[in-house]
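# Reading the structure
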Amino acid sequence: SIHGFGRDAKAVIEIARREVGKLINAEPKEIIFTSGGTEADNMAIICAVEDLNVKHIITSRTEHKAVLYTSERMAELHGTEIHYVNLDPDGRPNYDHLESLAQQYPGSLITLMHANNEIGTKIDLKKVGSIAKANNAYFHSDTVQTLGHFAIDVKDIQADFITCSAHKLNGPKGVGFLYINSELPMNPMIVGGGQES
């Protein structure tokens, strides 16, 4: 808003946007604040399908429901095919199988969480990012469990989207963010207002 209270609030939000960007080596304009990790996961998957014309989603059966249910919704609404990567006994993705799926379905969205919220196993973000880029795939990772606890550089891991929830970092409940690589041609998911572009 143009009044003083609105300008003060905007300044605080933009400072937070710069700080989050610095934390993950992203530009402030690549940070979209959301109501939490669930909204951010939904937005990444929906926008990948609707804006980037993704026809295949590669994920695992142990992902958070925000990823699994949204992927299923995209299958119902848009005919997007879901492919589940095999997991090793510890719950990590089998990288050979992931690479095989990415080669079979170039241009897909690979969506794998950094650390599983139930069993805690972590994936190699850099390896997954390399597999994605080698096969012209997009890479989304739910980093809700790890951001702020482990260093994450979106350029180093070649991520297109990462999601986070503030309360996992001692921040307020009801706040999260989605990082979107600024090179992607994305459209707003909600229209009619100026919030978060």
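Preceding this section is the structure that the text describes.
Overview of the structure. Model, not experiment: these values are computed from the prediction.

Scanning all chains against the criterion turns up zero aromatic pairs. The positively charged end of Lys 122 is found above the aromatic ring belonging to Phe 150, 3.9 Å away from the centroid.

Below, the discussion takes up the packing of helix H4 (residues 95-104) against helix H5 (residues 125-134). At their nearest, the axes of H4 and H5 sit 9 Å apart, and the two run at 25 degrees to each other. It follows that H4 is roughly parallel to H5 by the angle criterion. Both H4 and H5 take part in a crossing whose hand is right-handed. Contacts from Tyr 95, Leu 98, Glu 99 and Ala 102 of H4 reach H5 at Lys 127, Val 128 and Ile 131. Considering only residue class, the contact of H4 with H5 consists of five nonpolar, no polar and two charged.

To continue, consider the side chain of Thr 111. Mapping Thr 111 onto the fold places it in strand E4 (residues 109-111). The exposure class of Thr 111 is buried, given its relative accessible area of 0%. Those residues in contact with Thr 111 that lie beyond four places of it in its chain are Ile 57, Ile 58, Thr 59, Ser 60, Glu 63, Val 67 and His 140.

Two elements in contact, helix H2 (residues 37-52) and helix H3 (residues 65-78), have axes separated by 9 Å at closest approach and are oriented at 30 degrees. Comparing their axes, H3 and H2 come out roughly parallel. As for how H2 packs across H3, the hand of that crossing is right-handed. On the side of H2, the interface is formed by Thr 38, Asp 41, Asn 42, Ile 45, Ile 46, Val 49 and Glu 50, while H3 contributes Ala 66, Val 67, Thr 70, Ser 71, Met 74 and His 78. Its residues placed into classes, the contact of H2 with H3 shows six nonpolar, five polar and two charged.

A separate point is the pattern of salt bridges. Going through the model one piece at a time under the given rule, you end up with six salt bridges. A salt bridge links Lys 126 to Asp 156; the nearest nitrogen and oxygen atoms lie 3.0 Å apart. With Lys 126 in helix H5 and Asp 156 in the loop between strand E5 (138-142) and strand E6 (161-165), this pair connects stretches of sequence that are 30 residues apart. For Lys 126, a relative accessible area of 43% gives the class partly exposed. Overall, the relative accessible area of 38% leaves Asp 156 in the partly exposed class. A salt bridge links Asp 160 to Lys 133; its shortest N-O distance comes to 2.7 Å.

Calculation criteria
- Residues numbered from 1 in each chain as written.
- Predicted model: local features only at pLDDT ≥ 70, side-chain atom pairs only at ≥ 80, totals over all residues.
- Heavy atoms only, no water.
- Phe/Tyr/Trp six-rings, centres within 6.5 Å; stacked < 30°, edge-to-face > 60°.
- Lys NZ or Arg CZ within 6 Å of the ring centre and 35° of its normal.
- Axes fitted to C-alpha atoms, helices over the stretch in contact; angles between N-to-C directions.
- Helix = DSSP H or I, 4+ residues; strand = E, 2+ residues; numbered from the N terminus.
- Parallel < 35°, antiparallel > 145°, perpendicular 65-115°, else oblique.
- Left-handed = near helix turned anticlockwise from the far one by under 90°.
- Contact = heavy atoms within 4.5 Å.
- Nonpolar A, V, L, I, M, F, W, Y, C, P; charged D, E, K, R; others polar.
- Buried < 20%, exposed > 50% of the residue type's maximum accessible area, 1.4 Å probe, protein only.
- Salt bridge = Lys/Arg side-chain N within 4 Å of Asp/Glu carboxyl O.

Geometric values such as these leave the question of function open.
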